[in-house]
Every structure is written in C-alpha cells, then in structure tokens.
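# An overview of the molecular structure
As a plain string of letters, each chain reads:
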Amino acid sequence: MEPAGKNNGNSPQRYDAIIIGAGISGMFQLYRLRELGMSVKVFETGTNIGGTWYWNRYPGARFDSESYSYHYSFSEEVLDEWDWSEHFAAQPEILRYLNFVADKFDLRSDIQFRTRVKSANYDEQNNHWEVCTDQGETFRSHLLISATGPLSAAQMPSIPGIDDFQGASFHTSQWPHEPVDFTNKRVGIIGTGATGVQVIQTIASQVGSLTVFQRDPNYCAPLHNRKIDKAEMKEIRAKYPEYFARCDETFGSFLHGSDPRMSLEVSEEERLAFFEELYAMPGFAIWLGNFADTFTDQKANDLLTEFMKQKIRERINDPVVAEKLIPTDHGFGLRRVPMETNYYEAYNQDNVDLIDVNEVTITRITQTGISTSEGDHEFDIIIYATGFNAVVGALERIEITGVGGQSLKEKWADGPRTYLGVQTNGFPNFFTIVGPHNAATFCNIPRCIEQNVEWLTGAIKYMRDNRCERMEASVDAEDAWTKHVFDAAQETLFPTVDSWFMNVNRNLPEKKKTFLLYTGGGPYYREKCEAVAANGYEGFALE
Ligand code: NAP
C-alpha cells in the first residue's frame, strides 16, 4: 500500500484510493477508508454530495422503500439524531439527510466537486491507476473504486429535433435546482416508468394541461405513504435493530419478503384476500411480499397480473384509457414496479391526456412542442422521464483500460463479466460498488451498499495486513460467477421481459440483451462474500 502520498513535485497527485461518485456508496466508502488511515480522493460531477438524490429533484421524487430501511446503519449517532417525517420520504428530505451525514463526518473535505472522471488507465509497470478528469487534471491511485450508481447515466430519447424546442425542457434526472412553476402551463411528458409516474401524479393538479406520451405502460401499485409524528418516530427508532435484521433476511433486503406459500396451493378466495391485503399495505408488499412462486411460475404470475389489471380498471373512469394503461406484454412485477399515489386517478382529470405512442407516433420535437403522426401538440414545458443507460452506462461513459490496454467497454461488449459484481479480470485493484451482477442491483440499495463497502473495506485491510499490492479476480472465478448469475436469472421470469434489467433500452439499440442484475438473493450473496473472505479472498489473485 502507498504511503499517504500527496503532491510530488510536478507529477500527478497520488492517493491510496480514488473513488468515483459522492452518492450513498461513495460517501460511505470514503468514511471507511479514512478509518484505515488511507489518503482518499472522491470525484463528483455534481456541485454537492447525494448522487441519485442530488440529481433527481423532479417533482414527486421520493423513496419507494420505507425511509427507516433506506438509511445508513453504520453510525448509532446518525440513527439517534435523524428523524424521518414520512414513511416514504421525499427527495428534499433525503438530500437533507445525506448532507447531515456529510457534515457530521466532514466528508466534503476529500471530495472534489464539479469534476467528471473522463478516463482511468491501469499502469501495469507501476501498479497504479492514472485518472484524468474533465478539469484537465491527472491523478494517480493504488486503488480505484467506482461508486457511480446503477441509474445515473441519463438517457434522452432518440427523437429528432430535441434541441429545437424553444420552451423549457428537462430530463428528470437533470432537474433544475430552482422550482419550476407549472401554473397554467401546457406540459408534455415522455416516459411512464417509476420516475414518470411520480412526476405525472404530482404535477397533474398544478398544470394547465398535461399530455402523457406513453410507449409501454407499467403495472403500478399504491405506495400508501403517510406522515410520521414524534411518538411514532420513537417507536420506529426502537425497532431499528429489528428492521435491519429483517432486511438481512429478505431476498431484496427490503422490509418485505415473500410469503412461503405457493399461489396455487391456496383456495381462490384465500388468494384474492391475500392480494387485497397486500394491495392495501404500504410500499413493496404487493410486489415483494407476495406468494413465493410469483416470479418463478408463469401461472402464478398470471393470477396476480389479472388482479392488478382489475385494480386499474376499477380506478379509471374511461374504459378505453384504462386498457391503454394496462400492460399487455408482461406480467405484474416482471419490470420494476412504479409506486403511486393517485396516479391512475390523474387520468380521470379533464386536463390530462394519454397518448399511446404505439398508435400515434412521435415524429419530432419542434420549436413549439411535439409533432405526431396525428398532428402537432404545443407545449410550454417538455419533460423527458426517459430513464437511464442502466447499470453499465456510467462505467461506459468513462474510458477505463486495464492490463495490456484492454478497454472495459470492449471486454463487456456482449455483457458484463464479473466476480461477485465487484471485480473483473484484467482490471486489478479496480472495484465496483453496486456493479453489474452484484446483489446490490436488485436491492433496497443502502442495505447492499453497506454490505458492498464493508466487504471491500475488509478486502483492502486484508491486502494491507498481508502486504499485497495487487488484487485481481481470476478468470475461473469470473466465469463461475457469471454462469451462476445467469443460472439464477433463468430460475425466474425476469429474463422473459424486455426492461433495463435485461440491458434493453430502445434509445440504445446497439446494446446487447443480457441480464444485468443478480437474482440469487441478498442472503445467499452475503454468505458467498463472507465465505470468499474467510477463505483468504478465494477466487482473487493477491500478490
Ligand atoms: P425507465 O423505467 O427506464 O422508464 C423510462 C420511460 O421512458 C419508459 O416508460 C420508456 O418507455 C420511456 N421512453 C424512453 N424513450 C422513449 C421514447 N423514445 N418514446 C417514448 N417513450 C420513451 O426509467 P425511470 O422511470 O427513470 O426509472 C428507472 C429506474 O429508476 C426505476 O426502474 C427504479 O429502479 C429507479 N427509480 C426509483 C425511484 C424510487 O425508488 N423512488 C423513483 C424513480 C425511479 P418503454 O418502457 O416503452 O421503453
């Protein structure tokens, strides 16, 4: 390990570790590496910490996980001092929380803001990473850690004329810091994923008119959010250990874990009563607390899907609109379920129109709005809720080269190959938090981020204690993990549906269809990581 080296004459500044990204994972990794006495530099494109919760300031942005399951668990002081005001907190509160943590531990002093990492190249001879930024600076580090987030590379739609529009337009994840006034505005929105749903339900009552351009509808489920008062907060705080323990037990590290019963094992009456019960519960209960076979058996999935279709029909006044909002190409929960509060009711308002772009094609964005095959729509504001180049996008945007000048993008051209989702062969001392094929990709993310960071910190400490300078996943370990990831995915219905889980983004047709997540479950993943560590980081070459 390097001595805590700083500037050395005119040569690039050196650090023990460089972390890319100052979101939830970068902040915590910085905290842990500082504890090891390492010199660390974090680069962050934004002007402040927060990652996802810094960028996604769009109206309605809020947690889909219970607030008290989403926060850090590592500091008793933070747990004691921070109160949540809602069961599913909104973005401003979440960002305040992350700033509270950053202030408390003085994290910003090691973070360089307004800086995008452009390239990172492994220098084999010197066993260090050379990192270049868009500020024209070069830095060196022994270790390189990406904390870039799975959903951070914003993706605009591939529609001609986007720059022609003369009104205000925003991608939801690049939302302005100043409030946007929707009063009496004619607003068009493209995209009805989890983000679009949150925006639509929030602004429908504020705008003059709202036109929703929908390609594939999603099954949405009620969030059932509510306030937390002081007395309830006290009760919640007393249950933190129980909540964290519960998250450790469940498949996705949420408070909701599947019911052990099979859908077809119970009577129809019992099944429907259970669906109703879950539909009335807050958060992901209906998605992740359902019968055990919901996402592994098509027949089981069909039963729940039918129930959810009926719920949509019950909530929409116009049956034609209702049918447009019901997915026909996939079952409930096989794509990420958007959580909603009066989303469907928004379509009952006179000022909200739904355009199915499979029937009415968007031809271009014009100076004044959106042109379609059936005429022009004039807007004051256009919102692009069109999502991300998911999971691999943020890494693809950095030119990363490893041993022999091999590019990461080329290595992963047919899909990522990793060991435990934390490393890939040929890129020594480069680690990915929430990397592809890591359990953190299908997870209540801070829970898995903490696991990723704790495990990686342990590995780095092991390197130091054992005087190892280089850690690299072996080809065999990478092959075995990649096969395990695909085998686990094949046991579920997720690969049967196109979504960002499958690396499908119709704005990026060159992307290869492949599974990006890990569906073996949090408990197995953690066990596997612990066993690897206990066996001297089995599967990694340590020199
Ligand atoms: P998304 O799920 O990828 O949705 C993008 C939407 O844009 C889709 O409806 C897509 O339609 C549409 N779209 C893209 N290009 C289009 C085009 N050219 N024409 C028409 N429609 C187009 O992205 P997202 O909604 O930002 O959500 C991404 C993920 O972020 C979620 O799955 C979730 O994991 C996370 N998220 C979390 C929260 C939370 O926890 N509170 C909130 C929001 C998002 P198609 O489906 O037809 O491609």
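Scroll up to find the structure.
Notes on the structure in this doc start here. (Residues numbered from 1 in each chain as written. Predicted model: local features only at pLDDT ≥ 70, side-chain atom pairs only at ≥ 80, totals over all residues. Heavy atoms only, no water.)

### So, the overall build of the protein
Under the convention used in this document: Put simply, DSSP H or I for four residues or longer makes a helix, DSSP E for two residues or longer makes a strand, and each gets a number counted from the N terminus. Using C-alpha atoms as the atom set, the radius of gyration is obtained and then compared with a globule rule of 2.2 Å times the number of residues to the power 0.38. Note on definitions: a residue-residue contact is assigned when non-hydrogen atoms from the two residues lie within 4.5 Å. The protein chains shown are the only cover counted for residues, whose accessible areas, like all others here, come from Shrake-Rupley with a 1.4 Å probe. Here the positive residues are Lys and Arg and the negative ones are Asp and Glu; neither His nor the chain ends is included. Every charge is mapped to an atom, namely NZ of Lys, CZ of Arg, CG of Asp or CD of Glu.
A tally of regular secondary structure across the protein gives 18 helices and 20 strands. The globule rule puts the C-alpha radius of gyration for 543 residues at 24 Å, and the 24 Å found for the protein is close to it. Once the C-alpha set of the protein is aligned to its principal axes, its extents read approximately 70 × 60 × 50 Å. A sequence separation of at least 24 residues applies to 71% of the contacts in the protein between residues at least 6 apart. If you sum the accessible surface of the protein, you get close to 22,000 Å²; carbon and sulfur atoms cover 47% of it. Averaging the locations of the 51 positively and 77 negatively charged side chains of the protein gives two centres separated by 3 Å.

### So, the nonpolar core
Note the threshold: Residues enter a nonpolar core if they are buried and are Ala, Val, Leu, Ile, Met, Phe, Trp, Tyr or Cys, with the set joined through side-chain atoms within 4.5 Å. Relative accessibility thresholds used throughout: buried, under 20% of the residue-type maximum; exposed, over 50%; partly exposed, between the two (1.4 Å probe, protein chains only).
In terms of nonpolar packing, the biggest core is built from 162 residues, with Leu 210, Tyr 347, Leu 420, Trp 455 and Phe 540 touching the most fellow members. For this core, the element with the most residues is helix 16 (residues 445-465), which contributes 9 residues. Beyond its immediate stretch of four places on either side in the chain, Leu 420 contacts His 437, Asn 438, Trp 455, Trp 481, Tyr 525, Lys 528, Cys 529, Val 532 and Phe 540. By size, the runner-up hydrophobic cluster in this structure holds 14 residues, among which are Ile 190, Val 357, Val 360 and Ile 370.

### Quick look at the packing of aromatic side chains
Note the threshold: Two aromatic rings from Phe, Tyr or Trp, using only the six-membered ring of Trp, form a pair when their centres are within 6.5 Å; if the ring planes differ by under 30 degrees the pair is stacked, by over 60 it is edge-to-face, and anything between is tilted. Whether a charge sits over a ring depends on NZ of Lys or CZ of Arg being within 6 Å of the ring centre and within 35 degrees of the ring normal.
Applying the stated criterion to the full structure yields 49 aromatic pairs. A ring pair is formed by Trp 84 and Tyr 97, whose centres lie 5.0 Å apart and whose planes are at 45°; its orientation type is tilted. Taken together, the positions of Trp 84 in the loop between helix 4 (76-81) and helix 5 (91-104) and Tyr 97 in helix 5 put the pair 13 residues apart, joining distant regions of the chain. Tyr 97 carries the same exposure label as Trp 84, and that label is buried. Among the aromatic residues, ring-to-ring pairing joins Phe 28, Tyr 31, Trp 53, Phe 63, Tyr 70, Tyr 72, Phe 74, Trp 82, Trp 84, Tyr 97, Phe 100 and Phe 105 into one connected group. In this structure, Arg 57 packs its charged tip against the face of Tyr 54, placed 4.8 Å from the ring centre.

### Quick word on helix 18 (residues 522-534)
Stated precisely, the cut-off is as follows: Every helix has an expected span of 1.5 Å times one less than the residues it contains. Throughout, the arc means that of the directions going from the helix axis to the C-beta atoms.
Between the first and last C-alpha of helix 18 there are 18 Å, a value that for 13 residues agrees with the 18 Å anticipated at 1.5 Å per step. Residues of helix 18 that are buried include every one of Gly 522, Tyr 525, Arg 526, Cys 529 and Val 532, and no others. The buried residues of helix 18 occupy one face: seen down the axis, they fall within an arc of 125°. For helix 18, exposure combined with an orientation more than 90 degrees from the buried face picks out Glu 527, Glu 530 and Ala 534. Buried residues belonging to helix 18 abut helix 8 (240-249), helix 16, helix 17 (475-490) and strand 20 (540-542). Downstream of helix 18 by a residue or two, Gly 536 has a phi angle that is positive, lying close to 65°.

### Regarding the pattern of salt bridges
Condition: Whenever a carboxyl oxygen of Asp or Glu lies within 4 Å of a side-chain nitrogen of Lys or Arg, that contact is scored as a salt bridge.
Going through the model one piece at a time under the given rule, you end up with 36 salt bridges. When the shortest N-O distance is used, the salt bridge between Asp 103 and Arg 108 registers 2.6 Å. Arg 186 is the salt-bridge partner of Asp 380, the closest N and O atoms lying 2.9 Å from each other. Placement of the pair is Asp 380 in the loop between strand 15 (375-378) and strand 16 (381-384) and Arg 186 in strand 8 (residues 186-190), with a sequence separation of 194 residues.

### Section: the site of the ligand
We apply this condition: Nearness here has a simple test: a residue counts as near a molecule or strand if at least one of its heavy atoms is within 4 Å of that partner. Under the scheme applied here, ten amino acids are nonpolar (Ala, Val, Leu, Ile, Met, Phe, Trp, Tyr, Cys and Pro), four are charged (Asp, Glu, Lys and Arg), and all others, including Gly, are polar.
Within the structure, the ligand sits among 24 residues, and Arg 62, Thr 195, Arg 215, Arg 335 and Trp 500 are positioned closest to it. When grouped by side-chain class, the residues that make up the shell around the ligand number 9 nonpolar, 8 polar and 7 charged.

### Regarding helix 17
If you check helix 17, its first and last C-alpha atoms are 23 Å apart, about what 16 residues at 1.5 Å a residue would give, namely 22 Å. Along helix 17, the positions that sit buried rather than exposed are Ala 477, Glu 478, Trp 481, Thr 482, Val 485, Ala 488 and Ala 489. On an axial view of helix 17, the arc spanned by its buried residues comes to 130°, and they lie on one face. Structural note: helix 17 exposes Asp 476, Lys 483 and Gln 490 on the side pointing more than 90 degrees away from its buried face. On its buried face, helix 17 is in contact with helix 15 (408-411) and helix 18.

### Some thoughts on the side chain of Asn 351
Rules: A 3.5 Å cut-off defines polar contacts: any pair of N or O atoms within that distance qualifies, except that in protein one atom must be a possible hydrogen donor and the other a possible acceptor, and neighbouring residues in sequence count only when both atoms are side-chain atoms.
Considering the arrangement of structural elements, one finds Asn 351 in the loop between helix 13 (343-346) and strand 12 (352-356). Here Val 207 takes part through its backbone oxygen, which lies 3.4 Å from a polar atom of the side chain of Asn 351. A distance of 2.8 Å separates the side chain of Asn 351 from the side chain of Gln 349, its partner in a polar contact. Apart from residues no more than four positions distant in its own chain, Asn 351 is found in contact with Ala 204, Val 207, Gly 208, Ser 209 and Leu 210.

### Things to note about the sheet that holds strand 16
Put simply, the rule is: Between any two strands, pairing holds if DSSP finds at least two bridges. Note on definitions: angles span 0 to 180 degrees between N-to-C directions of axes, and those axes are lines fitted to C-alpha atoms, for helices only across the stretch in contact.
Spatial strand order, 7-16-8-9-12: 5 strands in an open sheet with parallel pairing. The open sheet has two edge strands, strand 7 (168-171) and strand 12, and neither has a second partner. Sheet twist, expressed as the mean angle between neighbouring strand axes with direction ignored, is 15°. Bridge count for strand 8 against strand 9 (residues 209-214) is 5 bridges, and the pairing is parallel. Residue pairing in the sheet places Ile 189 in a bridge with Val 212 of strand 9. Where helix 6 (residues 194-203) meets the sheet, it contacts strand 8, strand 9 and strand 16, and its direction lies at approximately 160° from that of strand 8.

Keep in mind these values describe shape, not function.
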